[in-house]
Amino acid sequence: MLPTLDRTHPDYNAERRGFQLLDPYEPDLIVPAATADDVRRAVAHAADAGLSVAVQATGHGLPRTTPGGLLITTGRMNGVTIDPAAATARVEAGVRWEQVIEAAARHGLAPLSGSSPDVGAVSYTLGGGIGLLARLYGYAADQVRAIDVVTADARLRHVTPESDPDLYWALVGGRGGFGVVTALEIGLVPVERLYGGALHFAADLVPAALRTWADWTAALPDEMTSSIAIIPFPDLPQVPAPLRGRKVAHIRIAYAGDPEEGADLVRPLRAIGPRLEDTVGEMPYTASGAIHDDPKGPAGYFATHSLLRELPPAALDVLLGADSVVEVRHLGGALAKPRSHPNSVGNRDALYFAGLLTPGLTPGADTRHLRLAHDGVRQALTPWATGGRVLNFLYGENATPEEVRRAYDPADRERLTTLKARWDPSHLFRHGLPPA
Ligand SMILES: Cc1cc2nc3c(=O)[nH]c(=O)nc-3n(C[C@H](O)[C@H](O)[C@H](O)COP(=O)(O)OP(=O)(O)OC[C@H]3O[C@@H](n4cnc5c(N)ncnc54)[C@H](O)[C@@H]3O)c2cc1C
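Computed from a prediction, not measured in an experiment: that's the story for all the values here.

What counts and how
Residues numbered from 1 in each chain as written. Predicted model: local features only at pLDDT ≥ 70, side-chain atom pairs only at ≥ 80, totals over all residues. Heavy atoms only, no water. Buried < 20%, exposed > 50% of the residue type's maximum accessible area, 1.4 Å probe, protein only. Helix = DSSP H or I, 4+ residues; strand = E, 2+ residues; numbered from the N terminus. Contact = heavy atoms within 4.5 Å. Near = heavy atom within 4 Å. Polar contact = N/O pair within 3.5 Å; in protein donor to acceptor, adjacent residues only side chain to side chain. Areas by Shrake-Rupley, 256 points an atom, 1.4 Å probe, with all protein chains shown as cover. Nonpolar A, V, L, I, M, F, W, Y, C, P; charged D, E, K, R; others polar. Salt bridge = Lys/Arg side-chain N within 4 Å of Asp/Glu carboxyl O. Domains from an automatic or database assignment. Buried area = accessible area lost by both parts, 1.4 Å probe. Pairing = 2+ DSSP bridges. Axes fitted to C-alpha atoms, helices over the stretch in contact; angles between N-to-C directions. Expected span 1.5 Å × (residues − 1). Arc of directions from axis to C-beta. UniProt positions renumbered as here; feature names shortened; annotations may be inferred.

Participant: Quick rundown of helix H6 (residues 165-174)? Include the residues and the values.
Facilitator: In terms of residue burial, H6 counts as a mostly covered element, since eight of its ten residues are buried. In this structure, the buried residues of H6 make contact with helix H4 (121-126), strand E7 (144-150), strand E8 (156-159), strand E9 (180-187) and helix H13 (410-423).

Participant: Requested: an account of the site of the ligand, with residues and values cited.
Facilitator: Lining the immediate surroundings of the ligand are 34 residues, of which Ala57, Thr58, Gly120, Ser123 and Arg175 lie closest. Measuring from an oxygen atom of the ligand, one finds a backbone N or O atom of valine 55 at 3.5 Å. One nitrogen or oxygen atom from the main chain of alanine 57 is found 2.7 Å from an oxygen atom belonging to the ligand. Out of a free accessible area of 950 Å², the ligand has 97% covered by protein chains. For the shell around the ligand, the secondary-structure elements that each account for two or more residues are strand E3 (53-56), H4 and E9. When residues of the shell around the ligand are assigned to their parent elements, the largest contribution, three residues, is made by H4. Of the residues assigned to the shell around the ligand, the class counts are 16 nonpolar, 15 polar and three charged.

Participant: An account of the pattern of salt bridges is requested, with residue identities and associated values reported.
Facilitator: Per the counting criterion, the structure on display carries 30 salt bridges. Taking the shortest distance from any N to any O, the salt bridge between arginine 371 and glutamate 397 comes out at 3.4 Å. Taken as a pair, arginine 371 in helix H11 (residues 368-380) and glutamate 397 in the loop between H11 and helix H12 (401-405) lie far apart in primary sequence, 26 residues in all. Judged by relative accessible area, which is 26%, arginine 371 ranks as partly exposed. Judged by its relative accessible area of 31%, glutamate 397 is partly exposed.

Participant: Explain the domain arrangement of the chain to me, using residue names and the numbers behind them.
Facilitator: Per the domain assignment, the segments of the chain are domain 1 (5-73), domain 2 (80-190) and domain 3 (193-405). For domain 1 versus domain 3, the distance between C-alpha centres works out to 31 Å. Contacts between domain 1 and domain 3 engage eleven residues on the former and 19 residues on the latter. Counting each side, the surface lost to burial between domain 1 and domain 3 is near 1,100 Å², with a carbon and sulfur contribution of 58%. Linking domain 1 with domain 3 are zero salt bridges, by the criterion used here. Inspection of the region where domain 1 meets domain 3 yields six residue pairs in polar contact (both at pLDDT 80 or more).

Participant: Please set out the pairing of strand E11 (residues 224-232) residue by residue, giving values where relevant.
Facilitator: Counting buried positions along E11 yields seven of nine residues, so the element is predominantly enclosed. Here E11 pairs with strand E12 (residues 247-255) via nine bridges, running antiparallel. Its bridge partner lying in E12, isoleucine 230 is registered against alanine 249. Here four bridges tie E11 to strand E16 (residues 325-330), and the two strands are oriented antiparallel to one another. The residue bridging isoleucine 230 from the neighbouring strand is valine 326, located in E16.

Participant: Residue-level account of the environment of valine 122, with values.
Facilitator: For valine 122, the location among the structural elements is in helix H4. The contacts of valine 122, once residues within four sequence positions are left out, are Val91, Glu92, Ala93, Val181 and Leu184.

Participant: Give a detailed account of the sheet that holds E7, specifying residues and quantitative values.
Facilitator: One open sheet holds the five strands; their spatial order is E5-E6-E9-E7-E8, and the pairing between them is antiparallel. The strands lining the two open edges of the sheet, one partner per strand, are strand E5 (80-83) and E8. Here the strands of the sheet are splayed against their neighbours by 10° on average, with no regard to which way each runs. Bridge count between E7 and E8: four bridges; the pairing is antiparallel. Bridge pairing links valine 150 to leucine 156 in E8. Relative to the sheet, H6 contacts E7, E8 and E9, its axis offset from that of E7 by approximately 90°.

Participant: Lay out helix H2 (residues 36-49) in plain terms, naming residues and giving numbers.
Facilitator: With 14 residues, H2 extends 20 Å between its outermost C-alpha atoms, agreeing within 8% with the 20 Å of an ideal straight helix rising 1.5 Å per residue. Where H2 is concerned, the buried positions are Asp38, Val39, Ala42, Val43 and Ala46. The arc that holds the buried residues of H2, viewed along the axis, is 135°, so those residues lie on one side. Close packing links the buried residues of H2 with strand E2 (29-32), E3, strand E4 (70-73), E7 and E9. Positioned one or two residues after H2, glycine 50 has a phi angle of 70°, which is positive.

Participant: Hey, could you go over the UniProt feature "domain: FAD-binding PCMH-type" (unreviewed entry) in the chain for me, with residue numbers and the actual values?
Facilitator: The UniProt record marks residues 22-191 with the feature "domain: FAD-binding PCMH-type" (unreviewed entry), using the residue numbering of this structure. Along residues 22-191 the backbone is 25% helical and 24% strand, and the end-to-end C-alpha distance reaches 36 Å.

Participant: Can you explain unusual backbone geometry? Please cite residues and give values.
Facilitator: Residues other than glycine seldom take positive phi values, yet aspartate 23 does so here, at roughly 45°. With respect to the helices and strands, the residue aspartate 23 is situated in the loop between helix H1 (12-16) and E2. Overall, the relative accessible area of 45% leaves aspartate 23 in the partly exposed class. Residue alanine 87 is not a glycine yet carries a positive backbone phi of 55°. Along the chain, the position of alanine 87 falls in the loop between E5 and strand E6 (88-92).

Next up, the structure:
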């Protein structure tokens, strides 16, 4: 029998809760799936009962939610198999990057994982996946070899670029809009160690850190992927006194090359001035989660972003004036190169990702003032913005149809809309952020 939890079930709240605390799913029914067949039967049941289908692995990418429908939770589908000879991994729907990193490392390999090892590998990859090795190896999406997916007709299909080129193309980039993926086969890369870590600078050096980092990114080899976060610490007693009410710059380094060359490359950043902390050094890829050191527990946050084609001094002044956490990731390199297997991940022309994040929100928090503040910053960045968005970083109420459309190149958007009508005519997967 298909396992289901309705709203009266004692485990209902625990099962629907994920990483993002704001506006969790409020489905009529939850199916805690343990197998691909559970997923298939859940989709069949939803289609028969006229319920929409949503999917949640970890809740790191919670989109806009509307009450009702059926939620499939995939946390129990956590098998990982490595094929060392082919340098590939088969990852089930509920697998977090941490598991793939550990399993791949035993064979001297690494996945194209991102800043947080807690994020779900499947959704991250299908949404593009801008990782720690992004400038050297490109999008995680470009490594997808095969997809096991339950489509709206409740059929489990094994999709490859050769078997179903259109569906493959739409799923890789279209994320949850075309079906429920039960497993992915992805390529791994031969990376065991990094020269990586983080440099922390105190408030008086924050403007210099941002300006130096931005200049520094102008001439880097693709082996160097980096980002900077400017974090305003609240003026609260629990914050250590030197940080209270002040900003800190956090430069993150992942260099997949010779450590001595890495140290040479990082020298201009170390010359910014004294560091509060400097963890940059040789590290195994299995420790790569320490580079960004993203929060572990559930969190309530409001986040928006812009993609930029350049980062001149006037754009840096805008970012320095923001009240939120600011994160700038250096793109380009392999991210801008033609894709090895065609897929629908767009916006490959951007050179920087500029994210704004307001953390520390409690469930039900009024976010109207945050929207105004974030929009003000994004508006001021318009002269340097491409207008594009990254699907993976569209969260909650900000994942509007208009924002989702911006995640795709115009011709791809048209093709996705056509394919959506063909593969999901009744809009069963309406929570999955397909372009509308
Ligand atoms: C702390 C943090 C760090 C991050 N770092 C990075 C990063 O470095 N690079 C990057 O590119 N992104 C990053 N992200 C964004 C992240 O990749 C996306 O939000 C991703 O969608 C999260 O996937 P999940 O399974 O963990 O989350 P979930 O919230 O469980 O899933 C997000 C959405 O994906 C879809 N989905 C989930 N599972 C399936 C499935 N099996 N089949 C079909 N659709 C499915 C659903 O629509 C679901 O709502 C980060 C997010 C956070 C919160």
